[in-house]
Amino acid sequence: MEHEKEFTGPEAMLYSHKIIQLSKALWKTVEKDWQNWIKPFDLNINEHHILWIAHALGGASISEIAKYGVMHVSTAFNFSKKLEDRGLLTFSKKETDKRNTYVQLTPEGEALLLETIHAFDPEENGVFRASLPLQELYGKFPDLTDITAIVRRLYGDNFMDIFAETSKMITEEAGRRPEDDEVSKEA
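None of the values given here were measured: they were computed from a predicted structure.

Q: Can you lay out the packing of helix α5 (residues 107-119) against helix α8 (residues 157-174) for me, pointing to particular residues and giving the numbers?
A: Two numbers describe how α5 lies on α8: the axes approach to 10 Å, and their chain directions differ by 70°. What the angle tells us is that α5 and α8 run roughly perpendicular. For the pair formed by α5 and α8, the contact residues are Leu113, Leu114, Ile117 and His118 on the first element and Met169, Glu173 and Ala174 on the second. Considering only residue class, the contact of α5 with α8 consists of five nonpolar, one polar and one charged.

Below is the structure:
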């Protein structure tokens, strides 16, 4: 279905320019924040993202990792191989699907992912700190509705479902402390 043109060429270019500049500036800080967060665990951003996606999906194909991780299939495969070498993932083929390669978190991979979640320090996160004045002003963090709607149109509902699943995991896990698991084991 063709949209009726309700904008001028300069308006379209200005909008695109704003998205380009703002997203590049934001990504620069997000990337630095993410790298600093996971550095103590000897992970890079792609590896951490792969662990997260494999957890959210309960195991995933390399194609799914690439799709939901917004990375090339070769990137997903190569970094998954490095995680396998470290004992954090296992590779397998399904009896019913020999064409695709699947990855599954090992118990060590699961433990490491959860450890990274518990290690997150908001004081060390530039984007979070930059959002605090908005939270103080409005009583909540920006909900990013417009950006979410754009990403949904670009990547689809399945992508947003995985986004929701990883967000749910954070909500559930971030409130738990590793000590709580030790206490429940002793009970």
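Q: Help me get a handle on the pairing of strand β2 (residues 89-94), residues and values and all.
A: One face of the sheet, then the other: side chains in a regular strand alternate in exactly this way. Bridging between β2 and strand β3 (residues 97-105) involves five bridges; their strand directions are antiparallel. Looking across to β3, one finds that leucine 89 is bridged to leucine 105. Counted along the chain from β2 to the antiparallel partner β3, the turn is two residues long.

Q: I'd like a description of the packing of aromatic side chains, backed by residues and values.
A: Remark: the centre distance and the inter-plane angle together describe each pair of aromatic rings, the angle taken between the planes. One pass over the full model with this rule turns up six aromatic pairs. On the basis of an interplanar angle of 80° and a centroid distance of 5.3 Å, the ring pair of tryptophan 37 and phenylalanine 120 is categorised as edge-to-face. Of this pair, tryptophan 37 sits in helix α1 (residues 9-38) while phenylalanine 120 is found in the loop between α5 and α6 (126-138), placing the two residues 83 residues apart along the sequence. With a relative accessible area of 18%, tryptophan 37 lands in the buried category.

Q: An account of unusual backbone geometry is requested, with residue identities and associated values reported.
A: At aspartate 42, a position not held by glycine, the phi torsion is positive, near 55°. Counting through the fold element by element, aspartate 42 comes out in the loop between α1 and α2 (45-57). Positive phi is not limited to glycine here, since leucine 144 has a value of about 60°. Looking at the secondary structure, you find leucine 144 in the loop between α6 and α7 (145-155).

Q: Which residues make up the layout of surface pockets, and what values do they have?
A: Here the largest pocket is characterised by a volume of approximately 2,500 Å³. In terms of lining residues, the largest pocket is bounded by 48 residues, among which Leu26, Trp27, Val30, Leu144 and Phe163 are the most central. Secondary structure elements with two or more residues in the lining of the largest pocket: α1, α2, α3 (62-69), α6, α7 and α8. The biggest single contributor to the lining of the largest pocket is α1, with 13 residues. Partitioned by chemical class, the residues of the lining of the largest pocket number 35 nonpolar, 10 polar and three charged.

Q: Any details on the sheet that holds β2? Residues and values, ideally.
A: Ordered in space as β1-β3-β2, the three strands form an open sheet in which the pairing is antiparallel. A single partner strand is all that each edge strand has here, and the edge strands are β1 (60-61) and β2. Looking at chain direction, β1 and β3 are connected through two bridges and run antiparallel. For alanine 60, the partnering residue across the bridge sits in β3 and is valine 103. Packing against the sheet, helix α4 (residues 73-85) makes contact with β2 and β3, and its axis sits at approximately 120° to β2.

Thresholds, definitions, all that
- Residues numbered from 1 in each chain as written.
- Predicted model: local features only at pLDDT ≥ 70, side-chain atom pairs only at ≥ 80, totals over all residues.
- Heavy atoms only, no water.
- Axes fitted to C-alpha atoms, helices over the stretch in contact; angles between N-to-C directions.
- Helix = DSSP H or I, 4+ residues; strand = E, 2+ residues; numbered from the N terminus.
- Parallel < 35°, antiparallel > 145°, perpendicular 65-115°, else oblique.
- Contact = heavy atoms within 4.5 Å.
- Nonpolar A, V, L, I, M, F, W, Y, C, P; charged D, E, K, R; others polar.
- Pairing = 2+ DSSP bridges.
- Phe/Tyr/Trp six-rings, centres within 6.5 Å; stacked < 30°, edge-to-face > 60°.
- Buried < 20%, exposed > 50% of the residue type's maximum accessible area, 1.4 Å probe, protein only.
- 1 Å grid on protein atoms, 1.4 Å probe; cavity = no way out; pocket = protein on both sides within 12 Å on 5 of 7 lines; lining within 4 Å.
- Points joined across faces, edges and corners; volume = space filled by probe spheres on them.

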